[in-house]
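Here are the chains, one letter per residue:
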Amino acid sequence: MSNHSGKDVKIGRATMPAGGWGSLAKVSTILLDQRVPIKDSRLLLKQNKPDGYACVSCAWAKPANPHPFEFCESGAKATAWETTSKTIGADFFERHTVTELEAWDDHTLEDQGRLTVPLRWDAASDTYREVSWETAFAEIGATLRGMAREQVVFYASGRASLETSYMYSLFARMYGNNNLPDSSNMCHESTSVGLQKTIGVPVGTVVLHDFEETDCIFFFGQNVGVNSPRMLHQLQEARRRGVPIITFNPLRERGLVSFTNPQSPVEMLTGHETPISTQYHQVKPGGDTAAIMGLCKAVFDRDDAAQRAGAQRVLDVAFIQEHTHGFAEFEQSVRACGWIDIERESGLRRADLEAAAEAYCEAGAVMGIYGMGLTQHRNGVQNVTMIVNLLLLRGNIGKPGAGVCPVRGHSNVQGQRTVGITEKPELAPLDKLKEQYGFEPPRKAGMNTVEACEAILAGKVDAFIGLGGNFVRAVPERGLMEKAWREIPLTVQIATKLNRNHVIHGKASYLLPCLGRIEIDRQAGGEQDVTVEDSTGCMHGSRGRAEPVASTLLSEPAIVAGLAKATLDPNPNVDWDRWVGDYSLVREAIAETYPDIFHDFNARMWTPGGFRRPLGAAHRVWKTESGKAHFTAPEALQGNPDLRGGPQTLRLFTVRSDGQFNTTIYNYDDHFRGVQGSRMVLFMARADVARYALREGELVSLRTAAMDGVERRVDGLAVVPYDVPEGCIAGYYPELNALIPLWHHAKESKVPAAKAIDVILERGGRLS
Ligand SMILES: Nc1nc2c(c(=O)[nH]1)N[C@H]1C(S)=C(S)[C@@H](COP(=O)(O)OP(=O)(O)OC[C@H]3O[C@@H](n4cnc5c(=O)[nH]c(N)nc54)[C@H](O)[C@@H]3O)O[C@H]1N2
Ligand SMILES: Nc1nc2c(c(=O)[nH]1)N[C@H]1C(S)=C(S)[C@@H](COP(=O)(O)OP(=O)(O)OC[C@H]3O[C@@H](n4cnc5c(=O)[nH]c(N)nc54)[C@H](O)[C@@H]3O)O[C@H]1N2
Ligand SMILES: [Mo]
């Protein structure tokens, strides 16, 4: 099996804008590769439509009046990947031992197709063997019943519906713990913490309509062309109105530079491109706090000048007075911060930051959009609170066209948190659950992702249940984690496709294959619909449209119910079977637990554009400690306070390509960055390539610059000269996760700091 090491790499020029014919060609290739039946390729017309299914790719908002083709290259790939006609059953696993499968790469594992039968690992033959659903549930239930309640982890990956997620979190709490880590612990937890404490909501305040009224967009560390391409429609429309888009990103991302709308025949034929970013600032990884300090400093300078000239103030003084707290301290910290420090830590020049601040000050309504480039840092929460600071200076929260817009990842990751998948007991309505179901919910804090990893390393996790995802591949500290994983007494994975976390498994291991959201879900009460929450806090119905790939699959609610019934003592207030027969009953239960958000859930779930959850901050009602929006003075400007190597270190940040969805690797190409045939590459500034006397395509190794006695290295990376700042290199997640120490995470949110890892480069890299 090829390991697709850096030696196979072809480096070309990335000539296509985002969208465009290149994207369309990729869509048809993947439909063919995955042998998607013709009738199912028409499914794409049902994606993100009022009577269709919610795309299984990203969480971007779904408009009330969708485009005729409300899908993008990424969504089409995700659909093809799920509705593939390739399947693997018991015979596949008889032919391949698990040890053999471990040598297969991520792409090859998933490319085998959909899992179709429940499987249990058999130690004697080292193979997965088919078991009946009844046996699987009974055995897992019996084992869980005998375990220490606080040593079982219930992970969720962000895709499962609101209905499944509600049932899953109830299962965990009835079992006896709050160990409900979620992929958002590796993703936007910095947002949930940072926004909650500053503006009193854990999610963004922008809705689609705001794009029509905004005057200026600040865009930090999010790669829209690859990771949320449908948002390009809103950005393109804003650009047409002359709205400046000011981007901060160390890497010149093709999709942030220009866009061709694949849904516009004229643009496709003429090759017309809309330039997306009007200013592009190549900030140093981890330098955003410093950059935003610079922006704020320039805003204060302009306000000072206005006051001297007797002109209108630049700060929104009335808003600051009425609505905010902590302004004086913040102002002081900005004024005390010198441009020399700002320039050094951000890697940007004062004049450039002043130009960005000018656009900010001239705009009536400004949005701050951001992604993993801000959250996955030691100071990830601070980066988020810095965006809030910038917006508050001119009253840019709680008015049309303005606000904060974190771009979420998985298609229901935000919703899973909303309906109870959280390790933080204070965020779950425990008293309400007690009253509704008559049990004593656990009050002790559960484990988040990093804490679950720590407990696994310490041998303190007895069982790990995964509702989707590829945990061991997605987390940091690969070397130690893979070793410790094999010692977990029981691992259970509810999944659609075979992945690394199935072949690296616990001492007892089960794979439970489920229906995907695109598939028709038939239950006792007829065909069932589900719901999801998008990135803008809007809830949508979703109806499966494709024939299930196998009749042996169970739905996610049915699997969660099966596990719960086999594990828990019967509770007269929870009828798992009735819920599985009719998901509208689960929605009624959700509405009873969360009446403010979900009242009349069944009646409202098909509202075009979704129904919006109430968000105080969007109306300037601040549910914070002080009842006001909080300015927060930053603790430090440095992006990487405790992983600072010497001058010989490079700062690595990990990114995604258009050929992947997280650990799902569709192919080895990155057509936006012009790389073909390999993901084992390092994007490096030309000046650094010269400084190290390297050749394009030469293989090198990376070693983490941490003095903690753990050897972390990755070999066989091909050098690709690229437009990144000097001293910084970029490479792919998940291949480079072996380099991230587990303790290298955001301070308050514990999101692994995957965007700034100080490493040492060694020449003559071995092939891995
Ligand atoms: N096709 C596709 N779509 C996806 C996914 C996928 O893998 N493939 N994943 C989904 C998920 S779960 C998520 S969370 C989202 C992720 O979507 P994004 O938030 O876009 O995540 P990344 O691709 O990891 O990186 C984001 C960008 O941050 C930049 N960056 C890195 N470090 C810094 C920094 O210090 N400062 C700034 N300002 N920028 C920086 C990188 O160059 C990159 O362009 O996408 C979702 N959608
Ligand atoms: N270095 C580095 N590490 C990172 C990141 C980074 O940017 N850099 N990003 C982090 C982020 S933002 C995230 S969200 C995590 C992602 O971490 P995870 O969410 O754990 O990983 P995924 O790769 O999305 O999971 C893919 C698997 O989910 C299963 N699956 C797919 N669809 C379904 C479904 O409908 N139901 C069920 N039950 N299973 C399904 C399939 O078996 C597939 O193999 O990784 C994090 N890790
Ligand atoms: Mo994510």
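Refer to the structure printed above.
Throughout what follows, the structure given in this document is the object of discussion. Because the structure is a prediction, the values reported are computed rather than measured.

**Overview of the pairing of strand S30 (residues 713-721)**
With respect to burial, S30 is a largely interior element, eight of its nine residues being buried. Relative to S30, strand S28 (residues 681-684) is paired through four bridges, and the arrangement is parallel. Note that in S30 the partner of Met 684 across the bridge is Pro 721. As defined by bridge partners, strand S29 (residues 699-704) adjoins S30 across four bridges and the pair is classed as antiparallel. If you follow Leu 702 over to S30, its bridge partner there is Val 714.

**Focus on the site of ligand 2**
In the vicinity of ligand 2, 32 residues are found, and the nearest of them are Glu 110, Tyr 155, Glu 556, Thr 663 and Asn 737. The separation between an oxygen atom of ligand 2 and a polar side-chain atom of Glu 110 is 2.6 Å. Here an oxygen atom of ligand 2 and a side-chain polar atom of Tyr 733 are 2.7 Å apart. Expressed as a share of its isolated accessible area of 930 Å², the protein-covered part of ligand 2 is 96%. Looking at the shell around ligand 2 residue by residue, the classes come out as twelve nonpolar, 14 polar and six charged. Of the residues that make up the shell around ligand 2, three or more belong to each of domain 2 (87-187 + 412-614) and domain 4 (649-763).

**Brief notes about the environment of Gly 146**
Following the sequence through the fold, Gly 146 ends up in the loop between helix H7 (133-145) and strand S7 (152-156). Judged by its relative accessible area of 68%, Gly 146 is exposed. Separated by 421 residues in the primary sequence, Gly 146 and Thr 567 have C-alpha atoms spaced 9.5 Å apart.

**Notes on the sheet that holds strand S20 (residues 526-533)**
The four strands are arranged S19-S20-S21-S22 in an open sheet whose pairing can be described as antiparallel. Each edge of the sheet is formed by a strand with only one pairing partner; in this case those strands are strand S19 (521-523) and strand S22 (611-612). Here S19 runs beside S20; their pairing, made up of three bridges, is antiparallel. Paired with Asp 521 across the bridge in S20 is Gln 528.

**Structural notes on the packing of aromatic side chains**
In this structure the tally under the stated criterion is 31 aromatic pairs. Geometrically, the ring pair formed by Phe 218 and Tyr 360 is edge-to-face, given 5.9 Å between the ring centres and 85° between the ring planes. Of the two residues, Phe 218 sits in strand S8 (residues 216-220) while Tyr 360 sits in helix H19 (residues 350-362), which places them 142 residues apart along the sequence. When the ring of Phe 598 is compared with that of Phe 611, the centres are 6.3 Å apart and the planes differ by 90°; the resulting orientation is edge-to-face. Of this pair, Phe 598 sits in helix H31 (residues 595-598) while Phe 611 is found in strand S22, placing the two residues 13 residues apart along the sequence. Taking relative accessible area as the criterion, Phe 598 reaches 0% and is therefore assigned buried. Note on Phe 611: relative accessible area 4%, which makes it buried. Chaining the aromatic ring pairs together yields one cluster made of Phe 92, Phe 93, Trp 104 and Tyr 128.

The rules behind each value
Residues numbered from 1 in each chain as written. Chains lettered and ligands numbered in written order. Predicted model: local features only at pLDDT ≥ 70, side-chain atom pairs only at ≥ 80, totals over all residues. Heavy atoms only, no water. Buried < 20%, exposed > 50% of the residue type's maximum accessible area, 1.4 Å probe, protein only. Helix = DSSP H or I, 4+ residues; strand = E, 2+ residues; numbered from the N terminus. Pairing = 2+ DSSP bridges. Near = heavy atom within 4 Å. Polar contact = N/O pair within 3.5 Å; in protein donor to acceptor, adjacent residues only side chain to side chain. Areas by Shrake-Rupley, 256 points an atom, 1.4 Å probe, with all protein chains shown as cover. Nonpolar A, V, L, I, M, F, W, Y, C, P; charged D, E, K, R; others polar. Domains from an automatic or database assignment. Phe/Tyr/Trp six-rings, centres within 6.5 Å; stacked < 30°, edge-to-face > 60°.

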